[in-house]
Each structure stands twice: as C-alpha cells, then as structure tokens.
Amino acid sequence: MRVTVLGAGTMGAGIAQAAATAGHDVALRDVEESYVEDGLARIDDTLSEGVDRGKVEPAERAAALDRITGATDLARAADGADLVIEAVPEDLDLKREVLGETEAHAGDRAVLASNTSALSVTELASALDRPERLLGLHFFNPVHLMGLVEVVVAERTDEATLETARSFVESLGKTAVEVRDSPGFASSRLGVALGVEAIRMYEQGVASAADIDAAMELGYNHPMGPLQLTDVIGLDVRLDVLEYLREELGERFRPPQALKRKVRAGKLGKKTGEGFYVWEDGEAVRPADDSVGGSGATAGDGSGAAR
Ligand SMILES: NC(=O)c1ccc[n+]([C@@H]2O[C@H](COP(=O)([O-])OP(=O)(O)OC[C@H]3O[C@@H](n4cnc5c(N)ncnc54)[C@H](O)[C@@H]3O)[C@@H](O)[C@H]2O)c1
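Residues numbered from 1 in each chain as written. Predicted model: local features only at pLDDT ≥ 70, side-chain atom pairs only at ≥ 80, totals over all residues. Heavy atoms only, no water.

A description of a nonpolar patch on the surface should follow, citing residues and the corresponding values.
On the surface, Leu229, Val232, Ile233 and Val237 cluster together into a nonpolar patch covering about 260 Å² of accessible area. Of all the elements, helix H10 (residues 226-233) adds the most residues to the nonpolar patch, at 3 residues. Residue position: leucine 229 is located in helix H10. The class of leucine 229 is partly exposed, set by a relative accessible area of 34%. (Patch = residues over 30% accessible without salt bridge, like charges linked within 9 Å, V, L, I, M, F, W, Y side chains within 5 Å. Areas by Shrake-Rupley, 256 points an atom, 1.4 Å probe, with all protein chains shown as cover. Salt bridge = Lys/Arg side-chain N within 4 Å of Asp/Glu carboxyl O. Helix = DSSP H or I, 4+ residues; strand = E, 2+ residues; numbered from the N terminus. Buried < 20%, exposed > 50% of the residue type's maximum accessible area, 1.4 Å probe, protein only.)

Listed below in structure tokens is the structure:
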C-alpha cells in the first residue's frame, strides 16, 4: 500500500515508522524541511534502539528507512496514495483545511484518515467533497509499542473506506477496535472516567495517591494506577479532555478542583517534575507532598510510586 502521513511530529513519525516496518511505501510530509528531517531522525533513532535491543533486525531497519520518503510538497506527497493519514496538531480548523487540501491532490481511490484524539470525525469529514472516504485512525503513543488502533466510524464513512482501514491496521500487526464517532471514542472516555474518579477519591482523602494506584495495579492488574497515568499523560491534557467531555456528555466529567489547582500551579505531571507524584529522571520517586497520607509508610517510602 502507498501511505502518506501528514505531520512528522510525535505521532506522524511513529505512524510512518509502523507503516514502513510493515512493508508499506510511505511519504512523510510536514510544512518545513527541518521538521521532516527531525521526524526521519526520530524514526532512525527508534529503529536503531530496536536493533540495539535485539527487537529489530539491522536489515529490517534499513529496509524500513528506505521505504520512507520525506516531503514538504503536499501535491507530491499525496500523489498516488492509497491511504492518507493526517497527524497534524489537534485543531479543528487546521485539520479541516489540511484534509480539504489533501482531497484536492489525492486520487479518487485514496482513503483519508485522521489521528485526532478527540475531535468529531464527522465534523472533519464535512470539509470534504466526498465525506464517505474519511474515518478516524486513532493510534496510541508510542506507536511502535502500542497494539491498539481505534477505528472511528463517522456518520458517512462507507464500507470500502472501513475495509481499507481494517486491513491496514491488521497489516501493522495491531488490533483495531471499531467505535462510532462519539466524544472521547472508547478509550479516552473510559480512561478519563477512571482517572477523574481517582482524583475525586484523592481529593476527599479516601486514600493516598500511592494506595489508590496500588488498588488498581494489584487489584485489577492495571500496569499503572490512574493517578500515575494522569501524571504521564499530563494534567493539563487531562483537564482539557475533561472539559470537552463535560460539555458533550454531562456533569459526570466535571473536572475536580484538585486537578484545576495543580494545573494552575504548573504541576502538570511527569513533564514538569510534579503532579500527583514527584518525578526525577523520568521516574515517579514519591507522592507529591500534598498527597493524603504522604508521610504514611506506603506512600512515603517511594515504593508506592514505583509500583
Ligand atoms: N501525542 C500523543 O500522545 C497523541 C496520541 C494520540 C493521538 N494524538 C493526536 O495526533 C495528532 C498529532 O499529535 P502529535 O503529538 O504528533 O503532535 P506534534 O505537535 O508532535 O506534531 C504535529 C506535526 O504536524 C505538523 N504540521 C502542522 N501543520 C501541518 C500541515 N499543514 N501539514 C503537515 N504537517 C503539519 C507540525 O509541524 C508538527 O511537526 C493530534 O491530533 C493529537 O491529538 C496524539
């Protein structure tokens, strides 16, 4: 398949790498040459790390890199594509503009996909002359490690479009879950629902941050507790999603004060060094001081954060 990826940032580079590794020919397009080069360099780094760890054969790395062509010119990048995936910033107007422009350059048979995390795919599709050829392909970060792709079916997505998307996801060795276009799709809506309840429990002093997380990790086999996961995702990102889901789905998604307070204080989680935990060198080393039970045995000795 010939795949065009628009946006060479975190997700675009990851999607391009996954597609090329699976044997597809990929055009990776960004607006500036230096952004394209940065994206290609990140792909090279990730594949080289894979070789160092024995997960990727050297020949596989070389072949994947050979299959990716960088571009800044949209007309050239989209020419002859079977599938165009946009991974430009999460801005409705920008995405509508990019998709509209792409439709003008891509051939009739091209399927278009958006990697939006939360925007309405139906609204994105209304920017097209042929909305039936758009759907959402929601990849997860880091793309090369995450096995899930949400296939978001918009109001007018047709069966041929869906079939192309299904077989593409399968070719990557990933699992597709099909979701009707609705706020938060399946993954964000459920993940955020758990996260927001954990923050309320923390706020009400039901248990310490470490113990709330341990309850999910050890009791439900979640690889990471909901508060630590909120730190990894970014408290600001979670707050934005909650505000959107509250608007669309109601008060059960109302952001808790504890979350707003931390965001106002610049405590955004792992990326700023503090959220519900204190982070050093990419690791949660102890619960933040304001955590309930922060001086307690489990939460205070740092072991809780590491679970
Ligand atoms: N980062 C994540 O964890 C994650 C996970 C799932 C989905 N997403 C979604 O993926 C999309 C991209 O996110 P990201 O984190 O990769 O962003 P990013 O900022 O890392 O990358 C976006 C790239 O798009 C480029 N761009 C801007 N306008 C463009 C245009 N007209 N044509 C081509 N490229 C253009 C930018 O220069 C930038 O390199 C967003 O919709 C985001 O919500 C992100």
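On we go from here.
I'd love a proper account of H10, names of residues and values included.
Those residues of H10 not exposed but buried are Pro226, Leu227, Gln228, Thr230 and Asp231. Positive backbone phi, at 110°, marks glycine 234, one or two positions downstream of H10.

Help me get a handle on a negative patch on the surface, residues and values and all.
Where like charges cluster on the molecular surface, the negative patch consists of Asp91, Asp93, Glu97, Glu101, Glu123, Asp240, Glu243, Glu247 and Glu248. In terms of residues, the negative patch owes the most to one element, helix H11 (residues 235-249), which gives 4 residues. By the secondary structure assignment, aspartate 93 is in helix H5 (residues 92-105). (Lys, Arg positive; Asp, Glu negative; His and termini not counted. Charge placed at Lys NZ, Arg CZ, Asp CG, Glu CD.)

How would you sum up the environment of threonine 164? Please name residues and give values.
Structurally, the position occupied by threonine 164 is in helix H7 (residues 159-171). Setting aside anything within four residues of it in sequence, one finds threonine 164 in contact with Met1 and Val111. (Contact = heavy atoms within 4.5 Å.)

Residues and numbers for the UniProt feature "site: Important for catalytic activity" (unreviewed entry) in the chain, please.
Per the UniProt record, the feature "site: Important for catalytic activity" (unreviewed entry) sits at His138. For histidine 138, the location among the structural elements is in strand S6 (residues 134-139). Contact partners of histidine 138, with chain neighbours within four places excluded, come to Asn115, Thr116, Ser117, Leu148, Val149, Glu150, Phe185, Ser187 and Ser188. (UniProt positions renumbered as here; feature names shortened; annotations may be inferred.)

Let's hear about the site of the ligand: which residues, and what values?
The full set close to the ligand counts 20 residues, and Met11, Asp30, Glu90, Lys95 and Ser117 are the nearest of them. Residue methionine 11 places a main-chain N or O atom 2.8 Å away from an oxygen atom belonging to the ligand. Lysine 95 is positioned such that a nitrogen or oxygen atom in its side chain is 2.8 Å from an oxygen atom of the ligand. For the ligand, whose free accessible area comes to 840 Å², the fraction covered by protein is 75%. (Near = heavy atom within 4 Å. Polar contact = N/O pair within 3.5 Å; in protein donor to acceptor, adjacent residues only side chain to side chain.)

So what's going on with the packing of aromatic side chains? Residues and values would help.
Taken as a whole and judged by the stated rule, the model has 1 aromatic pair. On the basis of an interplanar angle of 90° and a centroid distance of 5.0 Å, the ring pair of tyrosine 202 and phenylalanine 276 is categorised as edge-to-face. Placement of tyrosine 202 in helix H8 (residues 187-203) and of phenylalanine 276 in the loop between helix H12 (257-264) and strand S9 (277-280) is noted, with a sequence separation of 74 residues between them. Residue tyrosine 202 shares its accessibility class with phenylalanine 276, and that shared class is buried. Across the ring face of phenylalanine 276, the terminal group of lysine 262 is positioned such that the distance to the ring centre comes to 5.3 Å. (Phe/Tyr/Trp six-rings, centres within 6.5 Å; stacked < 30°, edge-to-face > 60°. Lys NZ or Arg CZ within 6 Å of the ring centre and 35° of its normal.)

Describe in detail the nonpolar core, supporting the description with residues and values.
By size, the foremost hydrophobic cluster in this structure holds 33 residues, and its most contacted members are Ile85, Leu137, Phe139 and Phe168. The element that contributes the greatest number of residues to this core is helix H1 (residues 10-21), accounting for 7 residues. Ignoring anything within four residues of it in the chain, the contact list for phenylalanine 168 reads Met1, Val3, Ala19, His24, Leu83, Ile85, Leu137 and Phe139. Leu245, Leu259, Val263 and Ala284 belong to the second-largest nonpolar core, a separate cluster that totals 22 residues. (Core = buried A, V, L, I, M, F, W, Y, C linked by side-chain atoms within 4.5 Å.)

Outline helix H9 (residues 209-220), supporting the account with residue identities and numerical values.
Over its 12 residues, H9 runs 16 Å from end to end, which matches the ideal 16 Å to within 8%, given 1.5 Å per residue. Residues of H9 that are buried: Ala209, Ala210, Ile212, Asp213, Ala214, Met216 and Glu217. Directly beyond the C-terminal end of H9, a positive phi value near 60° is found at asparagine 221. (Expected span 1.5 Å × (residues − 1).)

Outline the sheet that holds strand S4 (residues 83-86), supporting the account with residue identities and numerical values.
Remark on secondary structure: sheet strands pair via backbone hydrogen bonds, oriented parallel or antiparallel. The strand order across the open sheet built from 8 strands is S3-S2-S1-S4-S5-S6-S7-S8, with neighbouring strands paired in mixed fashion. Every interior strand has two partners, whereas the edge strands, strand S3 (68-71) and strand S8 (175-180), have only one. For this sheet, the mean inter-axis angle between neighbouring strands, taken without regard to orientation, is 25°. Bridge count between strand S1 (residues 2-6) and strand S2 (residues 25-29): 5 bridges; the pairing is parallel. Residue valine 5 lies in a different strand from S2, and its bridge partner there is leucine 28. Helix H2 (residues 33-52) contacts S2 and S3 of the sheet and is inclined by roughly 160° relative to S3. (Pairing = 2+ DSSP bridges. Axes fitted to C-alpha atoms, helices over the stretch in contact; angles between N-to-C directions.)

Got a sec to walk through the packing of H2 against helix H3 (residues 58-66)? Specific residues and values, please.
Where H2 meets H3, the axes come as close as 9 Å, and the angle between the chain directions of the two elements is 165°. With respect to their mutual orientation, H2 and H3 come out roughly antiparallel. As for how H2 packs across H3, the hand of that crossing is right-handed. Contact residues: H2 offers Ile43, Asp44, Leu47, Ser48 and Val51, while H3 offers Pro58, Arg61, Ala64 and Leu65. Of the residues that constitute the contact of H2 with H3, the class distribution is 6 nonpolar, 1 polar and 2 charged. (Parallel < 35°, antiparallel > 145°, perpendicular 65-115°, else oblique. Left-handed = near helix turned anticlockwise from the far one by under 90°. Nonpolar A, V, L, I, M, F, W, Y, C, P; charged D, E, K, R; others polar.)

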